[in-house]
Amino acid sequence: MASMGGGRPGICPTLLYADAKAAIRQLTQGLGFTELTVYEAADGKVLHAELVQGNGAVMIGSKGRGGPFDAALRDAGPAGVYVVVDDVDAHHQRAVAHGVEILLPPTDQDYGSRDYLARDVEGNIWSFGTYAPEIGV
């Protein structure tokens, strides 16, 4: 798994779930994310959560929590998120052990990456692999 990096990521995918707590459990237990913070409303809906892996983060929230972002994503379909990990096979083994649906097992790609595809509890597609874009500073 990629090591925890410092600083702030420049891009944070944000996903809303009907059952955000189940998604957070799957992402942390099955897919190796670390829970950074979770803010809940009095009714238990997740207003905002931040999960990290390596030097990247994803933000999670509950559908139906209200507000313009929730309204904008009301009819949105599943999203796809790519996450860089150092050991794809170990990451995949963890996902399988936690019952995560695997769409493509670890595969060596023509462009030099080794990656696999998984589907989360609400249909979002997660790719985990060794490819990382080289971003100039």
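Please read these numbers as outputs of a predicted model, since none were measured by experiment. (Residues numbered from 1 in each chain as written. Predicted model: local features only at pLDDT ≥ 70, side-chain atom pairs only at ≥ 80, totals over all residues. Heavy atoms only, no water.)

### So, the overall build of the protein chain
Across its full length, the protein chain carries three helices and eight strands. A compact globule built from 137 residues should have a C-alpha radius of gyration of about 14 Å, and the protein chain, at 15 Å, falls within 12% of that. Projected onto its principal axes, the C-alpha coordinates of the protein chain cover approximately 45 × 40 × 25 Å. Counting all 137 residues of the protein chain, 35% fall into the buried class. At a minimum sequence separation of 6, the contacts of the protein chain that also span at least 24 residues come to 54%. As presented, the protein chain carries roughly 7800 Å² of accessible surface, and 53% of it is formed by carbon and sulfur atoms. Charged side chains in the protein chain number 10 positive and 17 negative. The centres of these two groups are separated by 8 Å. (Helix = DSSP H or I, 4+ residues; strand = E, 2+ residues; numbered from the N terminus. Rg over C-alpha atoms; globule rule 2.2 N^0.38 Å. Buried < 20%, exposed > 50% of the residue type's maximum accessible area, 1.4 Å probe, protein only. Contact = heavy atoms within 4.5 Å. Areas by Shrake-Rupley, 256 points an atom, 1.4 Å probe, with all protein chains shown as cover. Lys, Arg positive; Asp, Glu negative; His and termini not counted. Charge placed at Lys NZ, Arg CZ, Asp CG, Glu CD.)

### With respect to the sheet that holds strand β8 (residues 125-129)
With mixed pairing, four strands are arranged side by side in an open sheet as β5-β8-β7-β6. Here the strands that pair on one side only, and so sit at the sheet edges, are β5 (80-84) and β6 (101-108). The sheet shows a mean angle of 15° between the axes of neighbouring strands, direction not considered. When β5 meets β8, the two strands line up parallel, connected through five bridges. Note on β8: the bridge partner recorded for G80 is I125. (Pairing = 2+ DSSP bridges. Axes fitted to C-alpha atoms, helices over the stretch in contact; angles between N-to-C directions.)

### Considerations on the pairing of β8
Counting buried positions over the five residues of β8 gives four, a clear majority of the element. As paired elements, strand β7 (residues 114-119) and β8 share five bridges and run antiparallel to each other. Note that in β8 the partner of Y116 across the bridge is F128. Connecting the antiparallel pair β7 and β8 is a turn made up of five residues, with G123 showing a positive phi of about 95°.

### Considerations on the packing of aromatic side chains
Within this structure, the stated rule accounts for four aromatic pairs. Here the aromatic rings of Y111 and Y131 are separated by 6.2 Å at their centres, their planes lie at 85°, and the arrangement is edge-to-face. One end of the pair, Y111, is in the loop between β6 and β7; the other, Y131, is in the segment after β8, with 20 residues separating them in the sequence. (Phe/Tyr/Trp six-rings, centres within 6.5 Å; stacked < 30°, edge-to-face > 60°.)

### Remarks on the environment of T107
Note that T107 resides in strand β6. Given the relative accessible area of 24%, T107 is considered partly exposed. Along the backbone, T107 and A76 are 31 residues apart, and their C-alpha atoms lie at a distance of 29 Å. When residues no more than four places from it in sequence are discounted, the contact partners of T107 are S113, R114 and D115. Only 2.7 Å separates the side chain of T107 from the backbone oxygen of P105, close enough to count as a polar contact. (Polar contact = N/O pair within 3.5 Å; in protein donor to acceptor, adjacent residues only side chain to side chain.)

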